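Listed below are the residues making up each chain.
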Amino acid sequence: MNNLAEFPRQKLPQLLRAMPKAELHVHIEGTLEPELIFALAQRNGIALPYTSVEALRAAYAFTDLQSFLDIYYAGAGVLQHEQDFFDLAMAYFRRAAADRIVHAELFFDPQTHTARGVPIQTVIAGLARACNTAEAELGISSALILCFLRHLSEADAFQTLEQALPYRQHFIGVGLDSGERGNPPEKFARVFARCRELGLHIVAHAGEEGPAQYIRDALDLLGAQRIDHGVRCVEDTQLVERLARQRIPLTVCPLSNVKLRVFDTLAAHNMATLLGAGLCVTVNSDDPAYFGGYLNQNFLETFNALPDLDAGHAIQLALNSFEASFVPEDRKARWRAELSRTVQQVAQ
Ligand code: HPA
Ligand code: ZN
């Protein structure tokens, strides 16, 4: 098929499912399913304040980012041993393989665990072992990105970086997450300067609940190479032009945005506007155990809700995910070739 305009619309869901893709914005603690919370609580002898998986799931009714974070940090309390972190990440990788994810860059929040007395070595060792196993058994490549919790202090972030440095070979970059409002990028400018000296990749959550100015500051004060979420960039026309010109990727998470009330509905999401502005947008699941779907569910529901999106956009989003990933160009070229084969096959 040489002309994408001929791609049959009824095959769009099949294309979305089958196309190879990279996921660049997923918090591994946000893939902790209620069933695994209960299994780990039992294994580790921890009492939960919920009587059943259903009762826990019923508590997942969020009004904003903070109402989610409270439940998300509590859920992570069942993660205690290296094997727990391994099991968590392997469960994600199995779902990722089913969604045709060829590469995943996973966020992890060490401070959520070290604050409970779990050594950072336990966290990183379990996750790194899962990354190796996923490559060997599922053919998925992956990398870890250490996120600093922005509601904690600069000193806490510096201390976390120090604790992580003996395991420097196991993570490729650093990010910034947790409550955005009132915790501007400038609070962490010196930590990120040190991270850049260490040769780490830099990403940051910005413009999810916070203003467009936080996106500018993440670029200018932290040196961010990608912006996580970033959907509020549209409030600043010059910023949108800059993001497009510099090909700064936005890792957008549609189901997350609706669950946390950044947009009222998927139909009201600005995904099509961002793509129309020529931005390097990618689709991601953020915290899929909490937000109602893994990556393909995000693609399927978004394309279903936004009729302007077609096969060309689907292919562009997959290409963007490869472009935005922190991997060598030859691997990106292999994925692009694989994508092109998949498009031909699905169109037949
Ligand atoms: N925003 C900020 N912090 C987070 C998120 C998010 O969407 N998910 C997990 N931690
Ligand atoms: Zn996130």
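Keep in mind the model is a prediction, meaning the values are calculated, not measured.

> How would you explain the UniProt feature "site: Important for catalytic activity" (unreviewed entry) in the protein if you had to name every residue and give the values?
Under the present numbering, the feature "site: Important for catalytic activity" (unreviewed entry) in UniProt falls on H229. For H229, the position within the fold is in strand β6 (residues 226-229). A relative accessible area of 0% places H229 in the buried class. Beyond its immediate chain neighbours, meaning those up to four positions away, H229 contacts H25, H205, A206, G207, E208, L250, T251, V252, C253, S256, N257 and D286.

> Would you mind going over the site of ligand 1 in detail, with residue names and values included?
As a matter of local geometry, ligand 1 sits amid H27, L65, F68, L69, Y72, D177, S178, H205, E208, H229, D286 and D287. One nitrogen or oxygen atom from the side chain of H229 is found 3.1 Å from an oxygen atom belonging to ligand 1. Within the side chain of D287, a nitrogen or oxygen atom sits 2.7 Å from a nitrogen atom of ligand 1. It is helix α4 (residues 65-75) that provides the largest number of residues to the shell around ligand 1, a total of 4 residues. Split by residue class, the shell around ligand 1 holds 4 nonpolar, 4 polar and 4 charged.

> Give me the lowdown on the coordination of the zinc ion (ligand 2), citing residues and values where you can.
Around the zinc ion (ligand 2), the protein contributes the donor atoms H25 (NE2), H27 (NE2), H205 (NE2) and D286 (OD), at 2.1 to 2.2 Å from the metal centre. For the zinc ion (ligand 2), the 4 donor atoms in the first shell make angles of 83 to 175 degrees at the metal, a pattern classed as irregular. When the donors of the zinc ion (ligand 2) are listed by position in the chain, the intervening gaps give H-x1-H-x177-H-x80-D. Of this pair, H27 sits in strand β1 (residues 21-27) while D286 sits in the loop between β8 (281-283) and α14 (288-291), and the two are 259 residues apart along the sequence. Given the relative accessible area of 3%, H27 is considered buried. Owing to a relative accessible area of 2%, D286 belongs among the buried residues under this scheme.

> I'd like to hear about the side chain of T251, residue by residue, with values.
Note on placement: T251 falls in strand β7 (residues 250-252). Classification of T251 as buried rests on a relative accessible area of 0%. Excluding anything up to four places from it in sequence, T251 contacts L24, H25, R226, I227, D228, H229, T282 and N284.

> Run through the UniProt feature "active site" (unreviewed entry) in the protein, naming residues and quoting values.
Under the feature "active site" (unreviewed entry), the UniProt entry names E208. Mapped onto the elements, E208 comes out in the loop between β5 (201-206) and α10 (212-220). Leaving out residues up to four positions away in the same chain, E208 has contacts with L65, E180, H229, R232, S256, L260, V262 and D286.

> Explain the nonpolar core to me, and be specific about the residues and the numbers.
Core analysis: the largest hydrophobic core is formed by 114 residues, its most contacted members being L15, Y92, F93, F148 and Y290. Broken down by element, this core gets its largest block of residues, 8 residues, from helix α5 (residues 82-98). Among the nonpolar cores identified, the runner-up in size contains 5 residues, and F107, I145, C147 and F326 belong to it.

> Please provide a residue-by-residue account of the pairing of β1, values included.
Counting buried residues along β1, 7 of its 7 residues qualify, which places the element largely inside the surrounding structure. In the sheet, β1 pairs with strand β2 (residues 101-108) via 5 bridges, with the strands oriented parallel. Looking at β2, one finds that A22 is bridged to H103.

> Go over helix α11 (residues 237-245), please, and point to the residues and values.
In an α-helix, one turn spans 3.6 residues; hence positions three or four apart end up facing the same way. Within the sequence span of α11, burial applies to L239, V240, R242 and L243. One side of α11 carries all its buried residues, which in axial view fall inside an arc of 160 degrees. Structural note: α11 exposes T237, Q238 and R245 on the side pointing more than 90 degrees away from its buried face. The inward-facing, buried residues of α11 contact α10 and β7. In this structure D236 caps α11, since a side-chain oxygen of it lies 3.2 Å from the backbone nitrogen of Q238.

> Before we move on, can you summarise the side chain of T112 with the specific residues and values?
Along the chain, T112 falls in helix α6 (residues 110-114). Not counting the four nearest positions on each side in its chain, T112 is found in contact with Y73, A76 and L149.

> Give a detailed account of the pairing of β6, specifying residues and quantitative values.
Two strands pair when backbone bridges link them, and β5 and β6 are joined in this way by 4 bridges, in the parallel orientation. Bridging from a neighbouring strand, A204 pairs with I227 of β6. On the question of chirality, the crossover connecting β5 to the parallel β6 by way of α10 is right-handed. With 2 bridges connecting them, β6 and β7 associate as parallel partners. Bridging from a neighbouring strand, D228 pairs with T251 of β7. Viewed along the sheet, the connection from β6 through α11 into β7 turns out right-handed.

> I'd love a proper account of helix α7 (residues 120-138), names of residues and values included.
Between its terminal C-alpha atoms α7 stretches 26 Å, which fits the 27 Å expected from 19 residues at 1.5 Å a residue. Turning to α7, its buried residues number three or more, namely I120, T122, V123, I124, G126, L127, A128, A130, C131, T133 and A134. Directly beyond the C-terminal end of α7, a positive phi value near 70 degrees is found at G139.

> Help me get a handle on the pattern of salt bridges, residues and values and all.
Scanning all chains against the criterion turns up 17 salt bridges. Two residues, E33 and R95, come together in a salt bridge whose shortest N-O distance is 3.9 Å. Taken together, the residues E33 in the loop between β1 and α2 (34-43) and R95 in helix α5 connect sequence positions 62 residues apart. Of the charged contacts, one joins R100 and E338 as a salt bridge, the two residues approaching to 2.8 Å between their closest N and O atoms.

Calculation notes
Here, residues in each chain are numbered from 1, in the same order as that chain's written sequence. Lettering of chains starts at A and numbering of ligands starts at 1, both following the order in which they are written. pLDDT decides what is reported in this predicted model: residues at 70 or higher carry local features, side-chain atom pairs at 80 or more are listed and counted, and totals for whole chains, interfaces and linings draw on all residues regardless. To obtain the side-chain values, all non-hydrogen atoms of the structure were used and water was disregarded. UniProt positions are given in the numbering used here, feature names are shortened, and annotations may be inferred rather than shown by experiment. Helix and strand definitions follow DSSP, with helices as H or I runs of at least four residues and strands as E runs of at least two, each counted in order from the N terminus. Categorising residues by exposure relies on relative accessible area from a 1.4 Å probe, with only protein chains included: less than 20% of the type maximum marks a residue as buried, more than 50% marks it as exposed, and the intermediate range marks it as partly exposed. Whether two residues touch is decided by their heavy atoms; if any such pair falls within 4.5 Å, the residues are in contact. Put simply, a residue is near a molecule or strand once any heavy atom of it comes within 4 Å of that molecule or strand. N or O atoms within 3.5 Å of each other form a polar contact, as long as, within protein, one can give a hydrogen and the other can take it, and as long as residues adjacent in sequence are counted only when both atoms are side-chain atoms. Polarity classes work like this: nonpolar for Ala, Val, Leu, Ile, Met, Phe, Trp, Tyr, Cys and Pro, charged for Asp, Glu, Lys and Arg, and polar for all others, with Gly in that last group. Each metal's donors are the N, O and S atoms within 2.8 Å of it, or within 3.2 Å when it is Na, K or Ca, and because water is not part of the set, sites may look incomplete. Labels for metal geometry use angle windows, namely 85 to 135 degrees for all angles of a four-donor tetrahedral site, and for square planar (four donors) or octahedral (six donors) sites opposite donors over 155 degrees apart plus all others within 65 to 115; sites meeting none of these are irregular. Among buried residues, the Ala, Val, Leu, Ile, Met, Phe, Trp, Tyr and Cys ones that are joined through side-chain atoms within 4.5 Å form a nonpolar core. Only when DSSP finds a minimum of two bridges between them are two strands counted as paired. This arc is built from the directions going out from the helix axis to the C-beta atoms. For a crossover, the right-handed case is the one in which the path from the first strand over the helix to the second runs clockwise, viewed with the strands pointing away from the viewer. One less than the residue count of a helix, multiplied by 1.5 Å, gives the span that helix is expected to have. Every case where a carboxyl oxygen of Asp or Glu lies within 4 Å of a side-chain nitrogen of Lys or Arg is listed as a salt bridge.

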